[in-house]
Amino acid sequence: MSINRRHFVSFLVGTPAYLILSGCGYPTPINPPLYERDVSPLQLSEEARLHARDLPGGDGLRTEPVQNTHSMEPVIWGGDYLVIAGKRNRTYESLKAGEIILYQADWRPAKSAPVCHRLVKKDKDGWILSGDNAERSEPQWRVNEGNYIGVVVAIYRLKKRA
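Notes on the structure in this doc start here. The shown structure was predicted, so the numbers you read here are calculated from the model rather than taken from an experiment. (Residues numbered from 1 in each chain as written. Predicted model: local features only at pLDDT ≥ 70, side-chain atom pairs only at ≥ 80, totals over all residues. Heavy atoms only, no water.)

## Digging into the overall build of the protein
Let me state the cut-off plainly: In this description a helix means any DSSP run of H or I spanning at least four residues, a strand means any run of E spanning at least two, and both kinds are numbered starting from the N terminus. Each residue is assigned to one of three classes by its accessible area relative to the maximum for its type, calculated with a 1.4 Å probe on protein chains only: buried under 20%, partly exposed between the two thresholds, exposed over 50%. Between two residues, a contact is recorded if the distance between any of their heavy atoms is within 4.5 Å.
Each helix and strand in the protein was counted, giving three helices and eight strands. Secondary structure elements of the protein occur, N-terminal to C-terminal, as α-α-β-α-β-β-β-β-β-β-β. Buried residues in the protein amount to 43% of all 162 residues. Looking at the protein alone, contacts between residues at least 24 apart form 63% of all its contacts between residues at least 6 apart.

## Let's talk about helix 3 (residues 41-54)
What counts here: Given a helix with a known number of residues, its expected span is that number minus one, times 1.5 Å. Taking the helix axis as origin, the arc is that swept by the directions to the C-beta atoms.
When the terminal C-alpha atoms of helix 3 are compared, their 20 Å separation across 14 residues agrees well with the 20 Å that a helix rising 1.5 Å per residue should span. For helix 3, the set of buried residues is Leu-44, Ala-48, His-51 and Ala-52. Angularly, the buried residues of helix 3 cover 100 degrees about the axis, an arc narrow enough to put them on a single face. Facing away from the buried side of helix 3 by more than 90 degrees, the exposed set consists of Leu-42 and Asp-54.

## Focus: the pattern of salt bridges
Condition: Salt bridge, as used here: a side-chain nitrogen of Lys or Arg that lies within 4 Å of a carboxyl oxygen of Asp or Glu.
What the rule picks out here adds up to nine salt bridges. A salt bridge links Arg-37 to Glu-47; its shortest N-O distance comes to 2.6 Å. Remark: Glu-47 occurs in helix 3 and Arg-37 occurs in strand 1 (residues 34-37); sequence separation between them is ten residues. Its relative accessible area of 28% is what places Arg-37 among the partly exposed residues. Under the relative-accessibility criterion, Glu-47 is labelled partly exposed at 25%.

## Quick look at unusual backbone geometry
Going from Glu-73 to Pro-74, the amide bond is cis rather than trans, its omega being 15 degrees. Among the structural elements, Pro-74 can be located in the loop between strand 2 (61-65) and strand 3 (81-86).

And the structure:
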């Protein structure tokens with residue numbers, strides 16, 4: 001069964017969506033810190049890389065640029081850089097509903113960029129996910145230990161968007 005979120009928020013204008021959604025089966029969002037910078041895109045990439053390196057377990061962290069798919073707006077935007085704690089730092093077993101993860105989607109071509117979505121609910125087949133900007137969760141696809149890459153632990157964004 002998919003979870004239809006827009007249905008619940010359409011009549012409550014001005015109420016934060018996460019308050020409504022957490023009461024109807026959609027998890028409370030666990031958002032990583034956002035670092036907005038007034039720098040060039042190249043400098044932003046480097047800052048994110050240095051952040052990953054300097055965190056505890058930094059050798060197990062990486063950065064990933066975000067494509068303009070709009071699926072995770074308004075939390076994550078195209079052009080952002082994500083700092084990812086990989087499997088060595090955040091195991092599959094430690095994941096929590098509401099976290100944002102990176103995974104290799106088996107419904108995309110093999111060499112495609114990883115996908116970033118929010119964990120909704122775990123069942124016997126793995127985690128059900130959803131983009132924050134999606135109308136429903138994605139019950140037909142799962143994240144499991146095999147295609148899980150890591151958890152988003154920080155977001156880097158340009159203050160001035162191109």
